[in-house]
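Residues per chain, in single letters:
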Amino acid sequence: MKECDMSISQKITEILNDLNYLENAYFTNLENGHFDKNDFIETQIQFYFAVTFFSRPMAALAAKIPLPKMRLEIVRNVWEEHGEGNFKNAHAHTFEELLKRLGNVSVEDIQKRALWPEVRLFNTALIGISVLDDYMTGIGVMGIIEHMFSSISHKIGTGIIKRGWLNEQTIIHYGVHEKLDVKHSQDFFDIVAGAYQTSAENKYYIDQGIWLGATLFHSMYQQLYEHRKRRIFRDITTPHSRAEGIPC
Ligand SMILES: [Fe+2]
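Residues numbered from 1 in each chain as written. Predicted model: local features only at pLDDT ≥ 70, side-chain atom pairs only at ≥ 80, totals over all residues.

**Student:** Provide a residue-level description of the overall build of the chain, including the pertinent values.
**Tutor:** Within the chain, the regular secondary structure consists of eleven helices and zero strands. The N-to-C order of helical and strand elements in the chain reads α-α-α-α-α-α-α-α-α-α-α. Its C-alpha atoms give the chain a radius of gyration of 18 Å, near enough to 18 Å, the size a compact globule of 248 residues would have. Expressed along its principal axes, the backbone C-alpha trace of the chain runs to roughly 50 × 40 × 30 Å. Within the span of the chain, comprising 248 residues, buried residues form 36% of the whole. (Helix = DSSP H or I, 4+ residues; strand = E, 2+ residues; numbered from the N terminus. Rg over C-alpha atoms; globule rule 2.2 N^0.38 Å. Buried ≥ 20, exposed ≤ 12 C-beta atoms within 10 Å, placed from the backbone.)

In C-alpha cells form, the structure reads like this:
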C-alpha cells in the first residue's frame, strides 16, 4: 500500500505496532508481579497530575478548531472531564478516590509530592502543542492519547485486580475510561477524517500529531516506571505552578 492511501486508523495501527506500547515495562511489571505496590501508588500519584491537567490543553485545542460544529464533541469531552457540572464525577475526583482506595492516599498526601519533571514534560508538551501548533497536529496528539488510554486503562485495571489490590467492585476510574476513551478518540479523529484524505499537507500534520502523542505517552509511562523508587516531598501545599490551582 502506498503511504498516501493510508487512512487514519491504518496510520494509528502502524505507529502503535512500531511502538509496541503495551509491552512497556510499566504494564508488563504490573502484570507479572515485579511492580511493588508502594512504587505503583507513587507513580499513580504522579499520573494524577497528568489527569487533572488534561482538560486544559483540550479546552485550548477546542478554541482553535475553526467551526462550532466541528468543536462540539471536544467541548462535550471537556465538560465530561469536569463531571458534567457535578464535580463529584469529575475525572480528577474519581482518580482521587482510586488513590484513596488503593493506598489510603488523601488529597493532602498528593499535594505533599513534588511534581516529577517527566509528568511536567508531558503536560507542558500538551499545552504547547495545543496552543502553538496547527490544530490538526493537536487533534492527532490528543486523539492518539485517548485511543491508547482505552487499552492502557484495561491493562492497569486488570493488573490492579490481578495483584489483588482492588476487586471488580472497588476498582474505579480505569473501567470507565476503557470504554469512554474509544469514543473520545473517535470524536477527535472524526474532526479531521475528511481533511486527512484531501490534502497531503493536512495528512502530514495529523500524522505528526499521532506519532508525537504516541511517543509522548509511551515515554511518560517508561519514565514513571524507571523512577518508581523516587520519593520527593515538599513542605508547601501551593500549586505546582502559579498558573494552576489546587483541588478543593
Ligand atoms: Fe477521555
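**Student:** Hey, could you go over the packing of helix 4 (residues 55-64) against helix 5 (residues 68-81) for me, with residue numbers and the actual values?
**Tutor:** Where helix 4 meets helix 5, the axes come as close as 9 Å, and the angle between the chain directions of the two elements is 155°. Comparing their axes, helix 5 and helix 4 come out roughly antiparallel. As for how helix 4 packs across helix 5, the hand of that crossing is left-handed. Facing Ser55, Met58, Ala59, Leu61 and Ala62 of helix 4, the residues of helix 5 in contact are Arg71, Ile74, Val75, Asn77, Val78 and Glu81. (Axes fitted to C-alpha atoms, helices over the stretch in contact; angles between N-to-C directions. Parallel < 35°, antiparallel > 145°, perpendicular 65-115°, else oblique. Left-handed = near helix turned anticlockwise from the far one by under 90°. Contact = placed C-beta atoms within 7 Å.)

**Student:** Let's hear about helix 3 (residues 37-53): which residues, and what values?
**Tutor:** One turn of the α-helix equals 3.6 residues, which is why residues spaced by three or four share an orientation. Between its terminal C-alpha atoms helix 3 stretches 25 Å, which fits the 24 Å expected from 17 residues at 1.5 Å a residue. The element helix 3 is largely enclosed, with a buried count of 13 among its 17 residues. (Expected span 1.5 Å × (residues − 1).)

**Student:** Give a detailed account of the environment of isoleucine 110, specifying residues and quantitative values.
**Tutor:** Along the chain, the position of isoleucine 110 falls in helix 7 (residues 107-111). Along the chain, isoleucine 110 and glycine 164 lie 54 residues apart, while their C-alpha atoms are 23 Å from each other. With sequence-adjacent residues up to four places away left out, isoleucine 110 is seen in contact with Ile45, Tyr48, Leu99 and Val105.

**Student:** Give me the nonpolar core: which residues, what numbers.
**Tutor:** One recurring pattern in soluble globular proteins is that nonpolar side chains are buried together. Within the largest apolar cluster, 59 residues are counted, with the highest numbers of intra-cluster contacts made by Tyr48, Ala50, Ile139, Met148 and Ile206. With twelve residues, helix 9 (residues 135-162) is the largest single contributor of residues to this core. In this structure, isoleucine 139 is in contact with Phe188, Ile191, Val192, Ile206 and Gly209, ignoring residues within four places of it in sequence. (Core = buried A, V, L, I, M, F, W, Y, C linked by C-beta atoms within 7 Å.)

**Student:** Could you give an account of helix 6 (residues 91-103), naming the residues involved and the relevant values?
**Tutor:** Compared with the 18 Å implied by 1.5 Å per residue over 13 residues, the 18 Å span of helix 6 between its first and last C-alpha is a close match. In this structure, the buried side of helix 6 is in contact with helix 3 and helix 7.

**Student:** Lay out the confidence of the model for the chain in plain terms, naming residues and giving numbers.
**Tutor:** Considering every residue of the chain, the mean pLDDT works out to 93; 97% of them sit at 70 or more. For the chain, the element scoring lowest by mean pLDDT is helix 10 (residues 174-198), at 92; helix 11 (residues 200-226) scores highest, at 98. (pLDDT = per-residue confidence, 0-100.)

**Student:** Break down unusual backbone geometry for me, with residues and values.
**Tutor:** Unlike most non-glycine residues, glutamate 84 shows phi in positive territory, near 50°. Phi at histidine 173 is positive, roughly 80°, even though this residue is not glycine. Summarising the element assignment, histidine 173 is placed in the loop between helix 9 and helix 10. A residue is classified by how many C-beta atoms lie within 10 Å of it, and histidine 173, with 22 of them, is buried.

**Student:** Run through the environment of aspartate 133, naming residues and quoting values.
**Tutor:** Along the chain, aspartate 133 turns up in the loop between helix 8 (117-132) and helix 9. Separated by 72 residues in sequence, aspartate 133 and leucine 61 have C-alpha atoms that sit 9.5 Å apart.

**Student:** Can you break down the packing of helix 1 (residues 8-19) against helix 11 residue by residue, with the values?
**Tutor:** Two elements in contact, helix 1 and helix 11, have axes separated by 10 Å at closest approach and are oriented at 35°. Read as a crossing pair, helix 1 and helix 11 show a hand that is right-handed. Residues Ile8, Lys11, Ile12, Ile15, Leu16 and Leu19 of helix 1 touch helix 11, and the partners they reach there are Ile206, Asp207, Ile210, Trp211, Ala214 and His218. Of the residues in the contact of helix 1 with helix 11, the class split is nine nonpolar, one polar and two charged. (Nonpolar A, V, L, I, M, F, W, Y, C, P; charged D, E, K, R; others polar.)

**Student:** Just give me the short version of the environment of threonine 170, but keep the residues and values in it.
**Tutor:** Along the chain, the position of threonine 170 falls in the loop between helix 9 and helix 10. A count of 13 C-beta atoms within 10 Å places threonine 170 in the partly exposed class. For the pair threonine 170 and leucine 98, spaced 72 residues apart in the sequence, the C-alpha separation amounts to 8.6 Å.

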